[in-house]
Amino acid sequence: MSLFELAPDYVRAIAPYQPGKPISELAREMGLDPAGIVKLASNENPLGMSPLARAAVEKEISELARYPDGNGFELKAKIASKFNVGLDRIVLGNGSNDILELIARAFLTPGDSSVYSQYAFAVYPLAVQACGATGIQVRAVDYGHDLEAMRAAIQPSTKIVWIANPNNPTGTLARPGDLIEFLELCPKHVLVVLDEAYTEYLPREKRSDSIAWLSQFPNLIVVRTFSKAYGLAGLRVGFGLASPEVIDVLNRVRQPFNVNSLAQAAASAALDDIEFLRASVRVNNEGMAQLTAAFQRLGLSFIQSWGNFVTFHCGDAQALNRYLLERGVIVRPLAGYNMPHSLRVSIGLAEENARFIEVLDSAMAD
Ligand SMILES: *Cc1c(COP(=O)(O)O)cnc(C)c1O
């Protein structure tokens, strides 16, 4: 028997998550100068990190011989006061992906099922499958979540429903009223994970008041990240908000030191840097307008996005992706999402967007 076969069949069947290609890897493969490569593939913040967060990291470096605060007290206290929730409603994660996995691991066993949408964030099916539970994928409507159909898809075996809002990679957004209706009609013993990785980019009137819903819906888990608008993707830190009972369970399965001390310090400081957050949103709005204007000019259709990325349709996406890579532009192919005719491009700085548009222009003219 091979050692591979020691792993349960549901683990062996996992198709690993395909991350955006790192700049260093493309430079190696194509013999390109890394400095000339534009990476618009992982929805990272093109402004980098907040200056306040950077200063906090630099200060914390001298303490690295010590273990981090396993309770994350300072960061949790910041989150508690900023979002007006109790400390016992917060769990910290090594990125919000960690939280998503903790939720799956804590609640799902083989025989359970879990509901998510077609085209929803790929981590949900992966996390479900890694527990040996059954994923129930519900057909999307206009690339977005069909909340009514998702509710109808809930089985007696269903323990978790995943909702990405806005969704990645489609950028679609559910209306607050529809989410409330979903929560009201969803069985109380089914957990609803509301993954709001891009919520900071939303105009106020489009935002769900999801944190206020927590007191009314004990089965709701709101998940946020510092990887996108806060610009800390490389440090890995996110948080989940839920009822104290759910948080208690998640704390039992997480590693004792799952969020490192640099991440805790940076995230605490980033929460205070309103100016950086504003600049991030402004650059994103401008870049979104720049990219969508180019798609329109070129006659390329795209999915209206509420995140820091946009998915466009381009026929042979594999060929276009190749063409872009050869010219030092990294975007995200979506074949893994069963969208072989689409590419997702993250919003960059104006000059990065311009480089992408320039290469796209020449690809369309070729
Ligand atoms: C980027 C993203 C995350 C955040 O991942 P981290 O682990 O926090 O870096 C979570 N959910 C969705 C839908 C995302 O697109």
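Residues numbered from 1 in each chain as written. Predicted model: local features only at pLDDT ≥ 70, side-chain atom pairs only at ≥ 80, totals over all residues. Heavy atoms only, no water.

Enquirer: Explain the packing of helix 13 (residues 317-326) against helix 14 (residues 350-365) residue by residue, including any values.
Expert: Between helix 13 and helix 14, the shortest axis-to-axis distance is 10 Å and the interhelical angle comes to 125°. Comparing the axis directions of helix 13 and helix 14 gives the class oblique. As helix 13 packs across helix 14, the resulting crossing turns out to be right-handed. Contact with helix 13, carried on its side by Leu320, Tyr323 and Leu324, involves Phe356, Val359, Leu360, Ser362 and Ala363 of helix 14 and no other residues of that element. (Axes fitted to C-alpha atoms, helices over the stretch in contact; angles between N-to-C directions. Helix = DSSP H or I, 4+ residues; strand = E, 2+ residues; numbered from the N terminus. Parallel < 35°, antiparallel > 145°, perpendicular 65-115°, else oblique. Left-handed = near helix turned anticlockwise from the far one by under 90°. Contact = heavy atoms within 4.5 Å.)

Enquirer: Lay out unusual backbone geometry in plain terms, naming residues and giving numbers.
Expert: Cis geometry is adopted by the peptide bond preceding Pro166, which originates at Asn165 and carries an omega value of -5°. For Pro166, the position within the fold is in the loop between strand 5 (158-164) and helix 8 (176-185). A cis amide bond links Asn168 to the next residue, Pro169, at an omega of 20°. Checked against the element boundaries, Pro169 lands in the loop between strand 5 and helix 8. Here Asn84, not a glycine, exhibits a phi torsion of approximately 60°, which is positive. Note on placement: Asn84 falls in the loop between helix 4 (73-83) and strand 2 (90-93).

Enquirer: Please set out the sheet that holds strand 11 (residues 332-333) residue by residue, giving values where relevant.
Expert: Read from one edge of the open sheet, three strands run 9-12-11, paired in antiparallel fashion. For this open sheet the edge positions go to strand 9 (309-313) and strand 11, each flanked by a neighbour on one side alone. Across five bridges, strand 9 lies against strand 12 (residues 342-346) in antiparallel orientation. Bridge pairing in strand 12 links Phe312 to Leu343. (Pairing = 2+ DSSP bridges.)

Enquirer: Can you explain the packing of aromatic side chains? Please cite residues and give values.
Expert: A complete count under the given rule lists twelve aromatic pairs for this structure. Centre to centre, the rings of Tyr198 and Phe309 are 5.0 Å apart; their planes meet at 65°, and the pair counts as edge-to-face. You can see Tyr198 sitting in the loop between strand 6 (191-195) and helix 9 (210-213) and its partner Phe309 sitting in strand 9, a full 111 residues away along the chain. Judged by its relative accessible area of 2%, Tyr198 is buried. Classification of Phe309 by relative accessible area gives buried; the value is 0%. Taken together through their ring pairs, the aromatic side chains of Phe83, Phe226, Tyr230 and Phe239 make up a single cluster. The cationic tip of Arg327 hangs over the ring face of Tyr323; the distance from NZ or CZ to the ring centre is 3.5 Å. Positioned over the ring face of Phe309 is Arg344, at 5.7 Å from the centre of the ring. (Phe/Tyr/Trp six-rings, centres within 6.5 Å; stacked < 30°, edge-to-face > 60°. Buried < 20%, exposed > 50% of the residue type's maximum accessible area, 1.4 Å probe, protein only. Lys NZ or Arg CZ within 6 Å of the ring centre and 35° of its normal.)

On their own, these measurements won't tell you what the molecule is for.
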